[in-house]
Amino acid sequence: MDTAHLISQVRDGQDAGSDALYEFGKLLTGNSISDAQAGAFAMAVRLKGLSSAARVGLTLGMRDSGDVLKWDLPGPILDKHSTGGVGDPVSLLLAPALAACGAFVPMISGRGLGHTGGTLDKLEAIPGYITDIGPKRLEHVLTKIGCAIIGATGRVAPSDKRLYAIRDVTGTVASTDLITASILSKKLAAGLDGLVLDVKTGSGAFMPDQKDALSLAETLVSVANQSGCKTSALVTDMSQPLANAAGNALEIKAVMAVLSGAEKTSRLLDVTCALGGQVLSQSSLAKTPAAGETKVRKAIETGHAMEVFAKMVAALGGPTDFETSWQFCLPEATVQREVLAGKSGFIQEVETTELGNTVVALGGGRLRETDKIDPAVGLSGIAPLGSKVTAKTTLAMVHASDEAQADRAADRVRKAFKIGAKPAKPLDLIQKVVTA
C-alpha cells in the first residue's frame, strides 16, 4: 500500500476508505510501516478524525493483525469493557455472574496505569493467581468453568500494542477514533457474540466531561456493531469511587463481600447488574435488559456467582478454598490509619482522581509499566458523596507500608474531600444507555 498517500489523505480530511485503513491497521504489526509513518498517521487522525467506515476498517485491520479466537461452546460468548476508574472491580463480579447465567466469558483484561486500577493487578493480589496463560489452557478453563479473566498474549492485536506505544509519546492518546480502535481490536479478537461497555464520566474518569464520554460511547457502540458484534454501552458516574475501597487486595475484599452476601446493597452491585442485564439481552439468555439484570442479581444473591469465581481462582493457580479463605489469605498492609473529617457538614465533592493518585503514591499502582505494585496498600471504608459527617467521622482508612507513607496519604485523602454546610445530591449512577 502507499502509506504516505494514505497519511496525506487523513491529514487533509479526506476519506481514505475502509479497505485502505484495514490494510494499514493489519500491517502496523510489521516492518512495512515505519515508526515515523505510524506517528504521522496518529497525529493526522487526532487532528482530522476518521469517517465511520474508516474507523471500522482500522479496527478490523488491527484485530486481524494477530490471532482471532474462535469458539465452539454451548452458549453465547459475552464480555465487558470499562474505560477505567477508581475503586472499580466490576469485572471480578460480572464475569462469574454471567457464567452463572449460562454465558462464556473470555475476559482479556489489562493492568493499571496512572490513577486507574487494573483488573490483572487486582487478581494478582490473590496468592498464586496466574494471568498469563496460553490458548489451550484458556479454552480448558472457559469450557469447564464458564469464565476466565486473563491478560492478553502478544498474539492478540499486536498492531494495537505498537500504535499505543507510539500514541503515548506523540501526544495522540486522546483521540476518540484511536481509542475506539484500540479497545475494540482486542475485544473483537476474543471472538465475542456480545459486548457491553462501561464508559465512565466524572472526577475519577479518563473522560470527566459527560459529553466527551457520551461521544466515545456512541462511537464504540457504532463501530462494534458494524464490525459484527452486538454491543451496547452505559455511561456511568465516576464522581466518587464505585466500591468503598481502592487498592488491589482491598478491592478483592470488596468483591468478595458482595459475592458472599455480606454486602447486599451497593453502587458496585447496581452497576454490575445493569451491565450484565444489557449484555445478556444481546444474547438468547435474556429477552430484555431488565430480565437480564434480574438474572445477574439472582446469580449473585444465591451464591452461584461466588461458586464460579472460586472455581476460576483455583483453576488459574489460586487457593482451592478461596470461597472460605479469602478473609485470611489476602495480603494486609503493615500500617492502617483512620483519616478523620476534622469538621462537621456534608461531603459535597470528592476529587476521585486524587484518591486514585494517592493509591499509586502508596505503591498500589504504577506510573510506568515497569513499576512494581504492593498489593496490600490502598484505601478502604471510603465515605460516600453526600453523606453527613462530624469531626470524628472516618473519611477513609489508609493502608500503607510505613508510617511516613500513611502520613502523606492521610493528608492527601483529607484534602480530596470537600465538606460544606449544604447537603449534596449524588449524580445518577447510570447516566446514559447507548444502544445500536
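Residues numbered from 1 in each chain as written. Predicted model: local features only at pLDDT ≥ 70, side-chain atom pairs only at ≥ 80, totals over all residues. Heavy atoms only, no water.

### A look at the overall build of the chain
When its secondary structure is counted, the chain shows 17 helices and 12 strands. Taken over C-alpha atoms, the radius of gyration comes to 22 Å for the chain, in line with the 22 Å a tight globule of 436 residues would show. Based on the C-alpha atoms only, the size of the chain along its principal axes is roughly 65 × 45 × 40 Å. Among the 436 residues that make up the chain, the fraction classed as buried is 56%. Expressed as a percentage of contacts within the chain between residues at least 6 apart in sequence, the contacts between residues at least 24 apart total 80%. By element, 51% of the accessible surface of the chain is carried by carbon and sulfur atoms, the whole surface being about 17800 Å². For the chain, the distance from the average site of its 45 positive side-chain charges to the average site of its 45 negative ones is 3 Å. (Helix = DSSP H or I, 4+ residues; strand = E, 2+ residues; numbered from the N terminus. Rg over C-alpha atoms; globule rule 2.2 N^0.38 Å. Buried < 20%, exposed > 50% of the residue type's maximum accessible area, 1.4 Å probe, protein only. Contact = heavy atoms within 4.5 Å. Areas by Shrake-Rupley, 256 points an atom, 1.4 Å probe, with all protein chains shown as cover. Lys, Arg positive; Asp, Glu negative; His and termini not counted. Charge placed at Lys NZ, Arg CZ, Asp CG, Glu CD.)

### A closer look at the pattern of salt bridges
The final tally for this structure, using the stated rule, is 22 salt bridges. With a closest N to O distance of 2.8 Å, R162 and D35 form a salt bridge. Residue R162 is found in helix 8 (residues 158–170), and its partner D35 is found in helix 3 (residues 35–48); the two are separated by 127 residues along the sequence. Note that E354 and R412 form a salt bridge whose closest N and O atoms lie 2.7 Å from each other. Here the residue E354 occupies a position in helix 16 (residues 352–364), and R412 occupies one in helix 17 (residues 403–416), the gap between them amounting to 58 residues. One salt-bridge network, in which partners are shared between bridges, spans R111, D121, E124 and R366. (Salt bridge = Lys/Arg side-chain N within 4 Å of Asp/Glu carboxyl O.)

### Some remarks on the nonpolar core
Core analysis: the biggest nonpolar cluster contains 117 residues, and I126, F309, F322, V398 and F417 have the highest contact counts within it. Judged by nonpolar contacts, the second largest core, of 21 residues, contains V10, A16, L50 and L178. (Core = buried A, V, L, I, M, F, W, Y, C linked by side-chain atoms within 4.5 Å.)

### Considering the pairing of strand 7 (residues 345–350)
As defined by bridge partners, strand 7 adjoins strand 9 (residues 388–389) across 2 bridges and the pair is classed as antiparallel. Its bridge partner being in strand 9, G345 is matched across the sheet by V389. Bridging between strand 7 and strand 11 (residues 417–420) involves 4 bridges; their strand directions are antiparallel. The residue of strand 11 that forms the bridge with E349 is K418. (Pairing = 2+ DSSP bridges.)

### Here's the deal with the sheet that holds strand 11
With antiparallel pairing, the 3 strands of this open sheet are ordered in space as 9-7-11. Of all strands in the sheet, those bounded by a partner on one side alone are strand 9 and strand 11. On the sheet, helix 17 packs against strand 7 and strand 11 and is oriented at approximately 45 degrees with respect to strand 11. (Axes fitted to C-alpha atoms, helices over the stretch in contact; angles between N-to-C directions.)

### Describing the sheet that holds strand 1 (residues 78–82)
Judged by pairing direction, the sheet is mixed, and its 4 strands sit side by side in the order 1-4-5-12 without closing on themselves. If you trace the sheet from one side to the other, it starts and ends with strand 1 and strand 12 (430–434), each paired once. Strand after strand, the sheet turns through a mean of 20 degrees between neighbouring axes, direction not considered. Relative to strand 4 (residues 194–201), strand 1 is paired through 5 bridges, and the arrangement is parallel. Across the sheet, the residue bridging to D79 is L195, located in strand 4.

### Examining the environment of K253
Relative to the elements of secondary structure, K253 occurs in helix 11 (residues 248–259). On the accessibility criterion, K253 (22% relative accessible area) is partly exposed. When the C-alpha positions of K253 and S159 are compared, they lie 36 Å apart, and in sequence the two are 94 residues distant. Leaving out residues up to four positions away in the same chain, K253 has contacts with W326, L330 and E332.

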